[in-house]
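# Working through the structure, step by step
Next come the chains, spelled out residue by residue.
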Amino acid sequence: MSPTPLSLVYLMRPALVESQKKPSIFMLHGYGSNEEDLFSFASELPEEYSIFSVRAPYDLEPFGHAWYAINFDADFGKWSDDEQAKLSRTKILKFIEEAVETYRLDQNEVTLLGFSQGTILSYSIALSYPEKIKNVIALSGYINENILLEGYEEKNFDHLKVYASHGQVDQVIPLEWAQKAPGILKKLSIDFKFEEFPVGHGVSPQNFYSFKTWLENQT
């Protein structure tokens, strides 16, 4: 049975066990990928979660999708289309609201799981609108402060929790970019865990087990 059409294309794994909280996970893939990528994690994640893996709205040639355009010839600081990223942030928030209403989920039990560009968007959503997100799993990405809502520092982050990880030999997003996240999160008094793994731009089995265990410990 196909999932109910919403404003973005997605794959879904319904919760496998009943839960009073009705929590959900929204997966945001990386640049050039699609909704099938992170969805491979779904069968191994806690059964009480409804899981949505969302396709980014911008098509790439010859295949794949993106949350925003990247100019690979430009210097850092000019390489990403920040305005397009902000538009994607709005699209994701709209999709989450649609999914929560359609599947009767708890709007206070939303987790974002991002990889690479999907992590950058996850941070942007959670730090800009912390009242809408409970947990963030931020894999192989970084915080782009240029796409955070103006005045975000004044928000209440008391209930937001973040798990972040990065590969020590990541050849796509430098480790030092990711290493800035703990300082930013600490300044905002956000409960977080940051880990590094001896891998490139990817998620090792140890990394997967670590964030899965972290998620299972969130209440």
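Described below are features of the structure shown in this document. (Residues numbered from 1 in each chain as written. Predicted model: local features only at pLDDT ≥ 70, side-chain atom pairs only at ≥ 80, totals over all residues. Heavy atoms only, no water.)

### Observations concerning the packing of helix 2 (residues 82-102) against helix 3 (residues 117-128)
- Two elements in contact, helix 2 and helix 3, have axes separated by 10 Å at closest approach and are oriented at 70°. As summarised for this structure, helix 2 and helix 3 are arranged roughly perpendicular, according to the angle between their axes. The element helix 2 and its partner helix 3 pack so that their crossing is right-handed. On helix 3, the residues touching Ala85, Ser88, Arg89, Ile92 and Leu93 of helix 2 are Leu121, Ser124, Ile125 and Ser128.
- Of the residues that constitute the contact of helix 2 with helix 3, the class distribution is 5 nonpolar, 3 polar and 1 charged. (Axes fitted to C-alpha atoms, helices over the stretch in contact; angles between N-to-C directions. Helix = DSSP H or I, 4+ residues; strand = E, 2+ residues; numbered from the N terminus. Parallel < 35°, antiparallel > 145°, perpendicular 65-115°, else oblique. Left-handed = near helix turned anticlockwise from the far one by under 90°. Contact = heavy atoms within 4.5 Å. Nonpolar A, V, L, I, M, F, W, Y, C, P; charged D, E, K, R; others polar.)

### Side note on the pairing of strand 6 (residues 110-115)
- Within strand 6, 6 of the 6 residues are buried, leaving the element largely enclosed by the surrounding structure.
- Across the two faces of strand 6 the burial is the same, with Val110, Leu112 and Gly114 and Thr111, Leu113 and Phe115 all buried.
- Where strand 2 (residues 24-28) and strand 6 come together, 5 bridges link them in parallel fashion. Pairing of Ile25 across the sheet is with Thr111, part of strand 6.
- Here strand 6 pairs with strand 7 (residues 135-139) via 5 bridges, running parallel. For Leu113, the partnering residue across the bridge sits in strand 7 and is Ile137.
- Once the chain exits strand 6 it traverses helix 3 before rejoining the sheet at strand 7, and the crossover so formed is right-handed. (Buried < 20%, exposed > 50% of the residue type's maximum accessible area, 1.4 Å probe, protein only. Pairing = 2+ DSSP bridges. Right-handed = clockwise from strand over helix to strand, strands pointing away.)

### What to know about unusual backbone geometry
- A cis amide bond links Glu61 with the next residue in sequence, Pro62, at an omega value of 0°.
- One non-glycine residue, Ser189, lies in the positive phi region at around 60°.
- Relative to the elements of secondary structure, Ser189 occurs in the loop between helix 5 (181-187) and strand 9 (191-197).
- Classification of Ser189 as exposed rests on a relative accessible area of 60%.

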